Amino acid sequence: MFLPHGAKIQLTKYLKYIFNTHHITLNFTNLLRLGLNQRYNALVMKKNFVLSCIFLFLFFGGMGINLARQWQSEDTPKEIESLSLVLPKAQRFSKKIGQPPHFEAFGPHPTTGEEVLLGLAFVTTDIAPKILGYAGPIKMLVGTDLKGKITNTLILKHSETPSYVVDIPSFLDQFSSLGIKNTFHLGQDLDGISRATITCEAITRAVEKSLKKMARQRLGLEPTGMSATRKNFPWDEIIIPLILFGMAVTGILTYNKKLRWASLLVGLIYFGLIKSTLVSTVQIANIALLKFPSFSQSPLWYMLIGLTLLTTLLFGMVYCGSLCPFATVQELLYNVVRFKKKKIKRPDLSYSLDQRARYGKHIFLWAAIVVSIILGNASAASIEPFLTLFARNGTTLAWILLGLMCVAALFHFRFWCKYLCPVGACLGLIANKSPFKIRLGKECISCDICDRVCPTRAIKMDDTKTPVINYPECILCGKCIEKCPKDTLKIKP
Amino acid sequence: MAQYMKKENKYFILMLIIAAALLVGIVAENIVSVILPKTVRLNIDVEKVKQKLSQAGIVTREAKHWKKVR
């Protein structure tokens, strides 16, 4: 080629670096190969860049809107509307007065007919603001008569996951039999809601604390002491997630399939069946709304979210690939069917249709965040079928979706994850930036095996027969590394 | 062009469309549950009301549908 000698040396070094080979000739074919490979890489990078920008715009924009709204918000009209529901015998209510803040309810005396004070109503977050549910404060309006007995309890605002708190009305009905002389022990005096322990504990403590404080300070009564709260700090919620994430990362870095399956199964049992706590769009929306549970009540929330973000930033899709309980269920369904009937082939889906369909999960992620920001409540983002599966509670549509995803998982490897999971879409954008990735070595012979064995179609041979890995889709299963005849694929920075 | 589409592609698109429709429905249900929470309801002691009415000499009966009482 007609170039100055110095430029030729520099260009040759660059080509050797790109193709990882010591034997390269500077000619037109190699330059064309470099150009086409870089063009395909550039397209993949550009697509991920645009998706990242849209997500960051919605996420931080929503956070800003929520902050502005919190400064301006006035919930008093809703409180006033609900007063007659907590004290139905009252005919007139005062404005919110006094310390602690409360409403006074007046109505006719049963015998004389004169207007007398019948009871008080108060908002729990005015009196016990530091008691938080799973996703932030739970605002309740409680009515009490003059003897300190609860007349009714209503929830005015909450951000708890809907499928876990479907039974809240029947839970709240139990409070109508309690008063200041009662203890409020969950599990003894009150039946909680299965899988919603933190929500029930928060409601119970908030109602008890605010009722007894109101009775003491405004009604001059002597309530019993507060019921004992959870005594022991749940250290298992710190230690077990650390162990599980450690197992997952070790399995990935040592290309150990058994360790990966062990972390998938233990993750299914611990996160799915025992704790029913998974990374979900509700948590992403709650972070955008700046609603966090208290660490002492819910350390698992912080460990799960923190470790997921950390491992995704460093290594890629660790949670999705090696820990997500619903992904485990899908993989089990997919593999069990093939174990029994080995002739079932993977559907021969066209590559372009497959890639276009993957935008769906980004669209659902954006929609969930936008709707949550508009409503100021992350409950709207509760769309994942695993919430139905592990909480064993959901609406009809949610159960139908779960059934459909299980059927789809029999034929398509991780159907929900690839095409619909908003969490996967979010984590994929973060994984794209991780320093440790599966990278191609210098011994690649363009045999195409990695493209064919990749279960999520994250590897594609480009026009120059060079494998290109789409990192947001790569679940670090290690199949490409295992099957590569030249051992040229490795995880490295 | 649709007639040349492979069977797998057609089933895949159908499954995606159904899943997407279900997801939209679930989001709509969630929005309704936030805007109209189930906890807003009256707690009326029906038995107590019936007892007071019968003490006053009024016969109570279950109303199955609106009907002009003659």
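Bear in mind the structure is a predicted one, so any value in this text is a computation, not a measurement. (Residues numbered from 1 in each chain as written. Chains lettered and ligands numbered in written order. Predicted model: local features only at pLDDT ≥ 70, side-chain atom pairs only at ≥ 80, totals over all residues. Heavy atoms only, no water.)

Turning next to the interface of chain B and chain A. Facing 27 residues of chain B, the contacting portion of chain A comprises 38 residues. When chain B packs against chain A, the two sides together hide about 3,000 Å² of surface, and 74% of this comes from carbon and sulfur. Summed over the shared surface of chain B and chain A, the result is zero salt bridges. Linking chain B with chain A are four residue pairs in polar contact (both at pLDDT 80 or more), by the criterion used here. At 19 residues, helix α1 (residues 7-35) of chain B tops the list of elements feeding residues into the side of chain B that touches chain A. The residue makeup of the side of chain B that touches chain A, split by class, is 16 nonpolar, five polar and six charged. (Contact = heavy atoms within 4.5 Å. Buried area = accessible area lost by both parts, 1.4 Å probe. Salt bridge = Lys/Arg side-chain N within 4 Å of Asp/Glu carboxyl O. Polar contact = N/O pair within 3.5 Å; in protein donor to acceptor, adjacent residues only side chain to side chain. Helix = DSSP H or I, 4+ residues; strand = E, 2+ residues; numbered from the N terminus. Nonpolar A, V, L, I, M, F, W, Y, C, P; charged D, E, K, R; others polar.)

In this structure, A:Phe55, A:Tyr319, A:Met405, A:Phe415, A:Trp416, A:Leu420 and A:Ile438 are the most contacted members of the largest nonpolar core, which totals 97 residues. When residues in this core are grouped by element, the largest group, eight residues, is from α1(B). Not counting the four nearest positions on each side in its chain, A:Phe55 is found in contact with A:Ile284, A:Leu365, A:Trp366, A:Ile369, A:Cys426 and A:Leu429. A:Ala128, A:Met140, A:Ile155 and A:Phe171 belong to the second-largest nonpolar core, a separate cluster that totals 28 residues. (Core = buried A, V, L, I, M, F, W, Y, C linked by side-chain atoms within 4.5 Å. Buried < 20%, exposed > 50% of the residue type's maximum accessible area, 1.4 Å probe, protein only.)

All right, on to the packing of aromatic side chains then. Residues and elements named next belong to chain A. This model, assessed by the stated rule, comprises 14 aromatic pairs over all chains. Judged by centre distance (5.5 Å) and plane angle (85 degrees), the ring pair of Phe 171 and Phe 175 falls under edge-to-face. Since its relative accessible area comes to 2%, Phe 171 is described here as buried. Look at Phe 175 and you get buried, because its relative accessible area is 0%. Here the aromatic rings of Phe 315 and Phe 436 are separated by 5.3 Å at their centres, their planes lie at 40 degrees, and the arrangement is tilted. Separated by 121 residues along the polypeptide, Phe 315 in helix α10 (residues 299-315) and Phe 436 in the loop between α18 (422-431) and β8 (437-440) bring together distant segments of the chain. An aromatic cluster is present here, built from Phe 292, Phe 295, Trp 301 and Tyr 302 joined pairwise through their rings. A cation sits over an aromatic face here: Lys 437 above Tyr 471, 5.1 Å from the ring centre. The ring of Tyr 351 has Lys 460 sitting right over it, with the charged end atom 5.3 Å from the ring centre. (Phe/Tyr/Trp six-rings, centres within 6.5 Å; stacked < 30°, edge-to-face > 60°. Lys NZ or Arg CZ within 6 Å of the ring centre and 35° of its normal.)

What follows is about the side chain of A:Thr308. Examined against the element boundaries, A:Thr308 turns out to sit in helix α10. Apart from the residues lying within four places of it in its own chain, the contact partners of A:Thr308 are A:Phe245, A:Val279, A:Met303, A:Tyr319 and A:Leu427.

Before going further, it helps to spend a moment on α18(A). Counted residue by residue, α18(A) has nine buried out of ten residues, so it is predominantly covered. Among the residues of α18(A), those classed as buried are A:Pro422, A:Val423, A:Gly424, A:Ala425, A:Cys426, A:Leu427, A:Gly428, A:Leu429 and A:Ala431.

This paragraph deals with the pairing of strand β7 (residues 150-157) of chain A. Residues and elements named next belong to chain A. The element β7 is largely enclosed, with a buried count of six among its eight residues. Across six bridges, strand β6 (residues 139-145) lies against β7 in antiparallel orientation. Within β7, the residue paired with Val 142 across the bridge is Thr 153. Connecting the antiparallel pair β6 and β7 is a turn made up of four residues, with Gly 148 showing a positive phi of about 85 degrees. (Pairing = 2+ DSSP bridges.)

Comment: phi is negative for the bulk of residues other than glycine, and the bulk of peptide bonds are trans. Residues and elements named next belong to chain A. In this structure, the amide linkage connecting Gln 99 to the following residue, Pro 100, adopts the cis form with an omega of -5 degrees. Structurally, Pro 100 can be placed in the loop between β1 (92-93) and β2 (103-108). One non-glycine residue, Arg 457, lies in positive phi territory at about 55 degrees. Its place among the elements puts Arg 457 in the loop between α19 (449-453) and β9 (459-461). You can call Arg 457 partly exposed: its relative accessible area is 21%. For Asp 487, which is not a glycine, the phi torsion comes out positive at approximately 50 degrees.

With that out of the way, let us pick up the state of the cysteines. Two cysteines joined by a covalent bond between their sulfur atoms form a disulfide. Residues and elements named next belong to chain A. Applying the stated rule across the entire model yields zero disulfides over all chains. Among the cysteines around Cys 426, which has no disulfide bond, Cys 320 carries the closest sulfur, lying 9.6 Å off. In this structure Cys 480 is a free cysteine whose sulfur lies 6.2 Å from that of Cys 474, the closest cysteine sulfur available. Judged by its relative accessible area of 9%, Cys 480 is buried. (Disulfide = S-S within 2.5 Å.)

Moving on, we get to the pairing of β2(A). Residues and elements named next belong to chain A. Judged by how many residues are buried, β2 sits mostly within the fold: five of six residues are covered. Pairing of β1 with β2, which is carried by two bridges, proceeds in the antiparallel orientation. When the sheet's bridge partners are listed, Arg 92 is paired in β2 with Phe 106. For β2 and strand β3 (residues 115-123), the ladder comprises six bridges, and the chain directions are antiparallel.

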